[in-house]
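# Examination of the molecular architecture
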Amino acid sequence: MKILISADMEGATGVTWPADVEPGTEQWQRCRRMFTSDVNAAIAGFFDGGAEEALVNEAHATMRNLLLEELDERAVMLTGRHKDLSMVEGIQRPDVSAVAFVGYHAGAGRDGVLAHTYLPNSITGVRVNGEQASEGRLNALVAAEFGVPVVLVTGDDVTCEDAATYAPQAQTSAVKDWVSRYSAVCRPPGVTAAAIRAAASASVKLAGRREPAPAPAGGYRVEVDVDAAQLAQAAAVVPTVERTGERSVAYTSGTAWDMIRCFKAVTTLISAAIENAYG
């Protein structure tokens, strides 16, 4: 049994501030160890529960944040970018039995520590078929299309509440309680590691591939709101993406595979259209 761990950093133990997750800062260097501790706790728990393999997909920013030299030696790590399925690269492998979202966070425009969807700012809201969509929801739709269940979600308490809307059977473990976008009541790494390990162990019973989830009638309608008109204009360069307002775009995909890949293209162009002084 192989478990895929999609590891993001904003929802890691101790993280509350942009410098905590920005590669190259002193705080990032410090928080990398707590991030790695969270991932190691999940790995240990999965093996406690009977897993035989663990593949960690580094999913934050440059995707080069976890400390390989401190990783549990029973796991292997996919690091670096760019990847076809970005945060859930590996989900398409036929031997993956389940996926865990470790270090996740709430979506753009919502409460939650460092809440965002793909871009740390600029995107103010994302909806899929009318429902507000965090990265967790987007990635869960892709996982379902491959018949892979989401069995564990860790992050702040708001993230765990969000997980209940897209993976209601998954185990959750809150490492901190949201106070504001940049503050939280944080539990020490020893405490969060024990909680994550226990949740991961309990989640293994949920593993096992399902029948692939069919796309909804009409496909996946994705709406993206941004904070400046030129960003919507840039995103609309992507084929199938239409501008639906001064600061919004939308597109429809027939599969979750196409949906997440188009979303990646949209966010790439939005990011490229941001000017430092004028936004």
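A short tour of the structure in this document, coming up.

Conventions we followed
- Residues numbered from 1 in each chain as written.
- Predicted model: local features only at pLDDT ≥ 70, side-chain atom pairs only at ≥ 80, totals over all residues.
- Heavy atoms only, no water.
- Phe/Tyr/Trp six-rings, centres within 6.5 Å; stacked < 30°, edge-to-face > 60°.
- Helix = DSSP H or I, 4+ residues; strand = E, 2+ residues; numbered from the N terminus.
- Buried < 20%, exposed > 50% of the residue type's maximum accessible area, 1.4 Å probe, protein only.
- Expected span 1.5 Å × (residues − 1).
- Arc of directions from axis to C-beta.
- Contact = heavy atoms within 4.5 Å.

### Some words on the packing of aromatic side chains
On inspection of all chains with the given rule, the structure shows 5 aromatic pairs. Centre to centre, the rings of Phe101 and Tyr166 are 6.4 Å apart; their planes meet at 45°, and the pair counts as tilted. Of this pair, Phe101 sits in strand β4 (residues 96-104) while Tyr166 is found in helix α4 (residues 157-166), placing the two residues 65 residues apart along the sequence. With respect to class, Phe101 is no different from Tyr166; both count as buried. With a centroid separation of 5.0 Å and an interplanar angle of 85°, the aromatic rings of Tyr118 and Phe263 are classed as edge-to-face. Of the two residues, Tyr118 sits in the loop between β4 and β5 (123-128) while Phe263 sits in helix α7 (residues 256-272), which places them 145 residues apart along the sequence. Each member of the pair, Tyr118 as well as Phe263, is classed as buried. Through successive ring pairs, a cluster of aromatic residues spans Phe101, Tyr104 and Tyr166.

### Concerning helix α5 (residues 189-203)
For α5, built from 15 residues, the straight-helix expectation of 21 Å at 1.5 Å per residue is met to within 8% by its first-to-last C-alpha distance of 21 Å. Those residues of α5 not exposed but buried are Thr192, Ile196, Ala199, Ala200 and Ser203. Projected down its long axis, α5 carries its buried residues within an arc of 100°, all on one side. At its buried positions, α5 is contacted by α2 (26-48), β7 (150-156) and β8 (171-180).

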